Amino acid sequence: MKQLENEGDIAADYLEELLDIADLDGDLDMDVEGDRASVSIVGGDLDKLVGRHGEVLDALQELTRLAVLRETGERSRLMLDIGGHRARRRTVLEGLATDAVEKVKKTGEPVSLQPMTPFERKVVHDVVAGAGLVSDSEGTEPKRYVVVRPAS
């Protein structure tokens with residue numbers, strides 16, 4: 001817990017500097033969710049930091065993880081959200097995964113979803129596992145996607 005709080009503090013300091021350099025307003029909220037630190041930037045016009053389909057957000061998350069690695073020497077699984085983008089996306093993905101689960105239960109046939117980021121695939125895998133079905137990631141980045149299958 002203490003290590004995750006430290007990761008969050010390092011990430012928040014890094015992101016605060018980034019916001020200052022970019023002359024953007026935003027408040028940082030740090031939390032520990034399960035086995036990872038989570039940092040959210042809220043307020044102001046932050047769409048530029050999210051980018052189209054979250055590409056800028058994903059890049060900033062990786063840069064923030066590198067900043068934590070540089071300070072701690074440990075690889076971080078820190079999750080970054082900006083303007084609630086990931087939270088909204090999680091809700092959409094949970095609905096998509098639930099629909100796929102229902103279709104697989106109804107037809108008994110596998111369902112392939114559209115390509116997704118690692119974050120998005122994880123959300124889908126969690127929903128599928130919670131429903132008692134099986135899912136796999138197939139393909140190669142950036143076109144990696146999830147296939148939902150009946151449980152054996």
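Residues numbered from 1 in each chain as written. Predicted model: local features only at pLDDT ≥ 70, side-chain atom pairs only at ≥ 80, totals over all residues. Heavy atoms only, no water.

Asks: I'd like a rundown of empty space enclosed by the protein, residues and numbers included.
Replies: Here the structure, examined in full by the defined rule, presents 1 cavity of 30 Å³ or more. Computed from the structure, the largest cavity encloses a volume of approximately 50 Å³. Taken together, His-53, Gly-54, Asp-58, His-85, Arg-86, Arg-89, Thr-117, Phe-119 and Glu-120 form the lining of the largest cavity. Broken down by secondary-structure element, the contributors of at least two residues to the lining of the largest cavity are α4 (85-107) and α5 (118-130). The greatest single-element share of the lining of the largest cavity, amounting to 3 residues, is contributed by α4. For the lining of the largest cavity, the class distribution of residues is 1 nonpolar, 4 polar and 4 charged. (1 Å grid on protein atoms, 1.4 Å probe; cavity = no way out; pocket = protein on both sides within 12 Å on 5 of 7 lines; lining within 4 Å. Points joined across faces, edges and corners; volume = space filled by probe spheres on them. Helix = DSSP H or I, 4+ residues; strand = E, 2+ residues; numbered from the N terminus. Nonpolar A, V, L, I, M, F, W, Y, C, P; charged D, E, K, R; others polar.)

Asks: Can you lay out the sheet that holds strand β6 (residues 145-149) for me, pointing to particular residues and giving the numbers?
Replies: The 3 strands are arranged β4-β6-β5 in an open sheet whose pairing can be described as antiparallel. Each having just a single partner strand, β4 (111-112) and β5 (134-138) make up the two edges of the open sheet. Pairing between β5 and β6: 5 bridges, direction antiparallel. Following the sheet pairing, Glu-138 is matched in β6 by Tyr-145. Each of β5 and β6 is contacted by α5, which is oriented at about 160° to β5, the strand it contacts most. (Pairing = 2+ DSSP bridges. Contact = heavy atoms within 4.5 Å. Axes fitted to C-alpha atoms, helices over the stretch in contact; angles between N-to-C directions.)

Asks: Tell me about the side chain of Arg-65, residues and numbers included.
Replies: The topology assignment puts Arg-65 in helix α3 (residues 55-72). Among the residues examined, Arg-65 registers a relative accessible area of 13% and is labelled buried. Those residues in contact with Arg-65, other than ones at most four positions away along the chain, are Arg-36, Ser-76, Arg-77 and Leu-78. (Buried < 20%, exposed > 50% of the residue type's maximum accessible area, 1.4 Å probe, protein only.)

Asks: Explain α3 to me, using residue names and the numbers behind them.
Replies: When the terminal C-alpha atoms of α3 are compared, their 26 Å separation across 18 residues agrees well with the 26 Å that a helix rising 1.5 Å per residue should span. Within the span of α3, buried status applies to Leu-57, Leu-60, Gln-61, Thr-64, Arg-65, Ala-67 and Val-68. On an axial view of α3, the arc spanned by its buried residues comes to 155°, and they lie on one face. Downstream of α3 by one or two residues, Gly-73 has phi in the positive range, about 80°. (Expected span 1.5 Å × (residues − 1). Arc of directions from axis to C-beta.)

Asks: Outline the environment of Gly-95, supporting the account with residue identities and numerical values.
Replies: As for its position among the elements, Gly-95 is in helix α4. Look at Gly-95 and you get partly exposed, because its relative accessible area is 32%. C-alpha of Gly-95 to C-alpha of Val-127: the two residues are 32 residues apart in sequence and 9.1 Å apart in space.

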